[in-house]
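Coordinates in review
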Amino acid sequence: MLRKLSVAALAALLAGGLAVAPSEAAPVTLEAESAALSGGARVESEHTGFTGSGYVGGFVDANRGNATTRFTTSATTAGANDLTLRYANGTGSTRTLTLTVNGSARQISLPATAGWTTWGTVRQTVTLNAGSNTISFSYGSNDNGNVNLDSLIVDQVPASAPGTVEAESAALAGGARVESEHSGYTGSGYVGGFVDANRGSAAASFTVTGTPGDAELAVRFANGTGSTRTMSLSVNGSVQQLSLPATASWTTWDTAVAAITTKDGPNTIVISYGGNDNGNVNLDSIKVTPTTTVPPVEPGTYELERGFLAGGASVTTSPSGATGTGSVTGLGAGARVIRSVNQTAAGAATMTLRFRNDSGTARTLSLYANSLKLRQLSLPSGTQWQTTAQSVDLRSGLNIIGFHVDGGDSGGVQLDNLVLSGTAGLAARGATVPYTTYEAESGTTNGTKLAPGRKYTTDVAEASGRSAVKLTGTTQYVQVTLTKPANAITVRASIPDNAAGTGVTAPLAVLANGAKVADLSLSSKYSWMYGPYPFNGAPGGERPHRFFDDARILLPQAYPAGTVLRLAKQTTATDYITVDLIDAEVADPARQSPAGYVAITAHGARANDGVDDTDALRAAISAAQGTTVKGVWIPAGTFTIGSLVTFNGVDIRGAGMWHTVLQGVNRRGGFAPNGGGTRLTDFTFDGDVTTRDPDTAPNSDAFLDGQFGTGSVIFNVATNHAKVGMWVKGGDGLYAAGLRVRNTMADGVNVNGNSTNVRIEQSTFRNTGDDAMAMWSWDDPNGGTVSRSVFAFNTISLPILANGGAIYGGDDNRIEDSVIADTVFNGGGVMVSTWHASRPFGGTTVLQRNTFTRTGTHNWDWHNHTGAVWLFAERADITGAIALRDLQIDDSSYHGLLFSWQKVISNVTLTNVRINGTGGATDVFDDGAGTVSNANSHGMHFQVSGTGRFDGVTVAGVKGTGSMPMVNENGFTIQRGAGNSGW
């Protein structure tokens with residue numbers, strides 16, 4: 001089954017073909033006030049924020065059918081161009097205008113902006129003629145107008161992406177022929193002739209050099225017939241039928257992808273109108289891209305093309321000689337390359353950077369470590385790949401190394417990789433973390449090891465691994481033997497609520513090799529909720545849940561591996577203590593302030609006194625914004641933050657997440673970024689949110705909630721007891737790593753607005769009150785489309801409500817290389833959905849190289865089972881391409897894969913998806929609508945129509961009465977490829 005792929009995603013694919021794209025014309029910006037105006041359109045300057053000398057207004061109801069702004073532009077060659085219109089729409093709702101290009105008209109939508117001084121953009125792809133072109137925006141009789149226009153950017157679409165093989169260069173037979181009647185093609189033409197008269201004979205044969213393994217074949221085509229058409233694809237003699245959806249017209253081109261297998265050397269790829277096809281399409285080009293999983297990098301070497309790229313940085317395979325899958329180019333002003341690395345010990349490391357500089361002169365970049373600028377690097381010119389060695393002070397464990405083109409840098413080089421001394425490499429899946437987790441039930445105890453279970457409203461259902469140890473007597477304990485040194489521990493435990501629902505406190509004794517070293521203070525203030533959503537039932541009421549919370553302590557010394565660490569109940573302050581797990585680690589010493597940073601203590605803040613320090617923090621931020629380094633320093637200690645702090649363009653840095661604590665009070669406290677260049681590093685925010693707000697009555701604060709702008713970085717920050725960990729609006733190039741998000745009342749992270757190129761990696765999430773990690777393309781004036789964003793190398797466990805990960809609409813987003821375990825209530829391991837008023841899916845949405853363990857739940861509200869991976873067409877059909885690759889699904893509570901509900905899900909490909917065990921939730925209970933068990937827990941359950949291609953999909957270990965490897969209720973069309981088994 002073919003699936004659509006956006007132009008942006010296609011351009012990002014690795015080169016696998018032959019052709020090289022010619023250079024394209026530079027974008028042209030046309031100011032609206034310089035255009036030809038008529039019908040009441042006029043130049044205005046009342047509302048600020050415009051570019052040039054003004055903007056064009058007059059698109060009011062009195063001028064409907066008349067007001068027009070007409071641009072004239074020249075193109076060197078005919079072909080596709082992107083038009084980016086800058087506008088303001090303060091009406092509060094989406095408005096429309098008519099776009100006319102050389103006489104061809106279409107209606108365009110302009111979503112509301114925040115006000116008349118807030119300017120947004122929309123993009124349209126059109127075909128321009130060689131020479132002069134006329135582009136008009138008018139208030140047509142079928143429009144609702146009432147917008148202002150600022151400028152128009154005209155940007156030529158590249159003729160061919162690197163690696164693309166044009167169809168007109170193929171060997172043609174049986175009536176297939178080169179044509180150029182319909183515009184919008186790349187290269188010099190396209191191939192037609194796939195008409196009924198040539199059924200069984202028309203063919204285009206390509207020869208492409210490949211590598212052994214799985215690959216994707218991208219086909220650019222036009223199908224103006226109005227219905228889906230089929231063609232035959234042969235790759236080295238292996239034949240499959242392709243399905244090509246209708247495009248809007250013969251001048252509208254789309255791209256689709258098929259999973260294929262290639263061999264080393266030349267590969268013969270034939271697309272033909274076979275005897276069982278219905279043909280009648282035009283072919284423009286193909287491209288082959290290997291998809292075999294890239295193995296983890298060897299310790300010591302870190303490929304930079306696999307890092308975070310922003311500000312124009314991109315991957316290229318030219319020139320040759322780079323290691324890995326390519327190198328990084330596009331390092332102009334504002335570009336950034338950030339790579340996470342893992343060090344065995346703190347101290348000076350030798351970093352060797354491999355680069356290429358063909359410019360003829362030395363070029364410069366700025367070197368960063370852990371979001372702090374170290375120095376400017378000078379990279380000499382040469383005609384080959386070169387290396388430069390640098391000494392860099394790094395911490396033990398996770399670090400991030402950045403190469404930025406700052407002001408004063410010349411950039412203009414290519415970067416290949418970096419090699420570090422004393423490095424350990426990163427985890428293949430999930431986050432690389434400094435702590436070791438010890439499950440209580442795997443330790444030694446004279447208490448009670450609780451039998452595993454997954455029934456919502458039981459404590460074991462919320463325990464890691466679905467079991468824990470309960471201590472009731474004052475002589476009971478649980479103990480583990482350290483396998484690595486530790487001087488700090490975090491204990492996840494549960495103690496009872498009180499009648500008022502305000503919680504109780506109790507000490508938990510900590511002993512090392514039999515000697516008591518500390519009392520760890522436990523609290524149930526932030527746990528225990530009751531009733532259905534939003535869980536505001538009275539204490540002791542129905543549906544009790546959210547039993548566990550975290551408590552942490554720095555121990556008096558570092559204890560070596562082999563130490564027996566005992567947790568003992570030596571108190572009568574609580575009837576019981578249920579211990580779930582222990583995270584033990586070596587916390588680094590408190591860090592010192594970088595030079596030039598403004599300390600909050602210089603503006604009146606005092607550690608550990610319980611007095612609100614919010615004003616002191618605001619004053620320090622204001623002072624730092626007037627300095628060169630723009631840094632704020634928060635020393636070791638606990639500082640009280642009683643309200644939201646707005647800031648942008650500064651680095652707020654603490655002494656370490658074990659040493660600097662910002663404490664919220666009375667449900668309030670946190671940060672509200674309102675611009676780019678924001679950095680937050682090395683501290684813990686501990687909120688004071690005890691209940692979930694109703695959706696329509698917010699009454700608490702998130703740790704981070706705001707507009708992150710361009711180029712923000714968050715590193716090595718922990719958050720606990722906040723409403724939400726991060727609520728990201730409008731982030732462009734936001735990078736976050738090393739986060740510890742715990743015990744939120746709602747989402748752990750929610751990326752929304754018009755956020756683009758956001759990457760959150762190497763982070764851990766536990767006990768979130770809603771989706772642990774979500775991308776939400778909300779179809780609302782306050783929302784927007786999330787695009788090209790990635791959640792990667794994260795570890796997610798025990799979301800109390802909803803999903804481990806979720807993608808609600810959007811373009812070209814991915815969740816990859818992550819570990820997700822133990823979902824609890826009304827959710828899956830990952831959901832891909834049009835739920836929550838989300839926008840449609842565009843480009844290709846990808847779930848790849850993820851492991852799911854004990855995920856999927858029973859939905860108590862809808863009274864049905866969910867899946868570890870859940871594709872949910874709720875508000876609308878899902879027709880954008882969805883790719884599921886290299887997924888390991890183990891011991892699902894109910895279904896392995898679930899496609900729901902009663903709509904269409906099409907353009908889905910599954911490659912190497914292994915489902916090993918379903919129906920793992922053996923509890924029998926009543927959910928209010930009847931008896932629930934693991935009956936009918938299927939390997940794959942389809943409750944939709946649509947289409948998908950399945951290669952290497954295996955199902956085994958299905959459990960429960962009536963459970964089947966595959967159930968297809970609504971006629972979902974499955975194209976079976978190679979390597980499937982068990983269904």
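On a predicted model such as this, the values are computed, not experimentally measured, just so you know. (Residues numbered from 1 in each chain as written. Predicted model: local features only at pLDDT ≥ 70, side-chain atom pairs only at ≥ 80, totals over all residues. Heavy atoms only, no water.)

**Structural notes on the overall build of the protein chain**
Along the backbone of the protein chain there are 2 helices and 84 strands. Scaling as 2.2 N^0.38, a compact globule of 983 residues should have a C-alpha radius of gyration of about 30 Å, and the protein chain matches this with 29 Å. Seen through its C-alpha atoms, the protein chain measures out along the principal axes to roughly 90 × 70 × 65 Å. Evaluated residue by residue, the protein chain yields a buried proportion of 58% over its 983 residues. Nonlocal contacts in the protein chain, meaning residues at least 24 apart in sequence, comprise 76% of its contacts between residues at least 6 apart. Of the accessible surface of the protein chain, which amounts to about 34,500 Å², a share of 50% is contributed by carbon and sulfur atoms. Computed over 66 positive and 78 negative side-chain charges, the separation of the two mean positions in the protein chain equals 2 Å. (Helix = DSSP H or I, 4+ residues; strand = E, 2+ residues; numbered from the N terminus. Rg over C-alpha atoms; globule rule 2.2 N^0.38 Å. Buried < 20%, exposed > 50% of the residue type's maximum accessible area, 1.4 Å probe, protein only. Contact = heavy atoms within 4.5 Å. Areas by Shrake-Rupley, 256 points an atom, 1.4 Å probe, with all protein chains shown as cover. Lys, Arg positive; Asp, Glu negative; His and termini not counted. Charge placed at Lys NZ, Arg CZ, Asp CG, Glu CD.)

**A look at unusual backbone geometry**
Backbone torsion omega between Ser318 and Pro319 reads 0°, so that peptide bond is classified as cis. Relative to the helices and strands, Pro319 resides in the loop between β26 (314-316) and β27 (327-329). Here the residue pair Ser900 and Trp901 is connected by a cis peptide bond, since its omega of 15° sits within 30 degrees of zero. Tracing the sequence through the fold places Trp901 in the loop between β77 (895-900) and β78 (904-918). Residues other than glycine seldom take positive phi values, yet Asp817 does so here, at roughly 55°. Examined against the element boundaries, Asp817 turns out to sit in the loop between β67 (814-816) and β68 (819-821).

**Looking at the confidence of the model for the protein chain**
Looking at the protein chain as a whole, the pLDDT averages 92, with 96% of positions reaching at least 70. Scored below 50 in pLDDT, residues 1-23 shows 81 contacts in the model against residues more than four places distant or in partner chains. Within the model, pLDDT remains below 50 along residues 293-298, and this stretch shows 11 contacts once partners closer than five positions in the same chain are excluded. (pLDDT = per-residue confidence, 0-100.)

**Some details on helix α2 (residues 614-624)**
Within the sequence span of α2, burial applies to Thr614, Ala616, Leu617, Ala620, Ile621 and Ala624. Take α2 and look down its axis: the buried residues cluster within an arc of 165°, on one side only. Buried residues along α2 sit against β46 (598-599), β47 (631-634), β48 (637-641), β49 (644-647), β50 (651-654) and β52 (670-673). (Arc of directions from axis to C-beta.)

**Let's talk about the nonpolar core**
The nonpolar side chains of a soluble globular protein tend to be buried with one another. One finds Ile652, Phe671, Ile714 and Phe899 to be the most contacted residues of the largest nonpolar core, which totals 76 residues. Grouped together as the second largest cluster of nonpolar side chains are 37 residues, Leu304, Val341, Leu418 and Tyr735 included. (Core = buried A, V, L, I, M, F, W, Y, C linked by side-chain atoms within 4.5 Å.)

**Brief notes about the UniProt feature "domain: CBM6" (unreviewed entry) in the protein chain**
Sequence positions flagged by UniProt for "domain: CBM6" (unreviewed entry) are, in local numbering, residues 28-155, 163-289 and 300-421. For the annotated span residues 28-155, helix accounts for 0% and strand for 55% of the residues, and the straight-line distance between the end C-alpha atoms is 6 Å. Structurally, residues 300-421 comprises 0% helix and 57% strand, and the distance from its first C-alpha atom to its last is 6 Å. (UniProt positions renumbered as here; feature names shortened; annotations may be inferred.)

**A look at the pairing of strand β19 (residues 229-235)**
In terms of burial, β19 is largely enclosed, as 7 of its 7 residues are buried. Where burial is concerned, the two faces of β19 agree: the one with Arg229, Met231, Leu233 and Val235 and the one with Thr230, Ser232 and Ser234 are both buried. Counting the residues in the hairpin turn of β19 and strand β20 (residues 238-244) gives 2 residues, including Asn236, whose phi is positive at 55°. (Pairing = 2+ DSSP bridges.)

**Here we look at the pattern of salt bridges**
Under the counting rule described, the total for this entry stands at 36 salt bridges. In this structure, Glu816 and Arg814 form a salt bridge, with 2.8 Å as the shortest nitrogen-oxygen distance. With relative accessibility at 27%, the residue Arg814 sits in the partly exposed group. Between Asp822 and Arg854 there is a salt bridge, with its nearest N and O atoms 2.6 Å apart. Linking Asp822 in the loop between β68 and β69 (830-833) with Arg854 in the loop between β72 (851-853) and β73 (858-859), this pair joins segments that are 32 residues apart in sequence. The buried category is assigned to Asp822, whose relative accessible area is 2%. The network of salt bridges with common partners includes Arg395, Asp588, Arg591 and Asp682. (Salt bridge = Lys/Arg side-chain N within 4 Å of Asp/Glu carboxyl O.)

**With respect to the sheet that holds strand β33 (residues 397-404)**
Across the sheet, which stays open at both edges, the 5 strands sit in the order β25-β28-β33-β30-β31 with antiparallel pairing between neighbours. Either end of the sheet is taken by a strand with one partner, and the two such strands are β25 (308-310) and β31 (372-379). The average angle at which neighbouring strand axes cross in this sheet is 20°, direction not considered. Bridge count between strand β30 (residues 363-369) and β33: 4 bridges; the pairing is antiparallel. Bridge assignment links Ala369 to a residue of β33, and that residue is Ile401. (Axes fitted to C-alpha atoms, helices over the stretch in contact; angles between N-to-C directions.)

**Overview of the sheet that holds β19**
Across the sheet, 5 strands lie side by side as β14-β17-β22-β19-β20; this open sheet has antiparallel pairing. Edge positions in the sheet fall to β14 (171-173) and β20, since each of these pairs with one other strand and no more. Between one strand and the next, the sheet's axes are offset by a mean angle of 25°, whatever the strand orientation. Sheet topology note: the β14/strand β17 (residues 203-210) ladder contains 3 bridges and is antiparallel. For Leu172, the partnering residue across the bridge sits in β17 and is Ala204.

**As for the packing of aromatic side chains**
Summed over all chains, the structure comprises 29 aromatic pairs. On the basis of an interplanar angle of 20° and a centroid distance of 4.8 Å, the ring pair of Trp776 and Trp778 is categorised as stacked. Take Trp776: its relative accessible area is 15%, and that puts it in the buried class. Trp778 gets classed as partly exposed once you look at its relative accessible area, which sits at 27%. An angle of 75° between the planes, with centres 6.0 Å apart, marks the rings of Phe942 and Phe950 as edge-to-face. By the burial criterion, Phe942 is buried, and Phe950 matches it. (Phe/Tyr/Trp six-rings, centres within 6.5 Å; stacked < 30°, edge-to-face > 60°.)

**Points about the environment of Ala605**
Of note, Ala605 is situated in the loop between β46 and α2. For Ala605, a relative accessible area of 0% translates into the label buried. In this structure the C-alpha to C-alpha distance between Ala605 and Asp615, which are 10 residues apart in sequence, comes to 8.3 Å. Excluding residues within four positions of it along the chain, Ala605 makes contact with Ile600, Asp613, Ala616 and Phe639.

**Thoughts on the pairing of strand β65 (residues 805-808)**
Walk down a regular strand and you will see the side chains alternate between the two sheet faces. Burial of β65 is two-sided: the residues Gly805 and Ile807 facing one way and the residues Ala806 and Tyr808 facing the other way are all buried. Pairing of strand β62 (residues 773-776) with β65 involves 4 bridges; the strand directions are parallel. Paired with Trp776 across the bridge in β65 is Tyr808. Here 4 bridges tie β65 to β69, and the two strands are oriented parallel to one another. Paired with Ala806 across the two strands is Met831, which belongs to β69.

**What about the side chain of Thr719?**
Structurally, Thr719 can be placed in strand β55 (residues 713-720). Setting aside chain neighbours within four positions, we find Thr719 in contact with Phe685, Phe703, Gly725, Arg740, Val741 and Arg742.

**Some points on the environment of Leu374**
Positionally, Leu374 belongs in strand β31. In contact with Leu374, other than residues within four places in its own chain, are Leu367, Tyr368, Ala369 and Val392.

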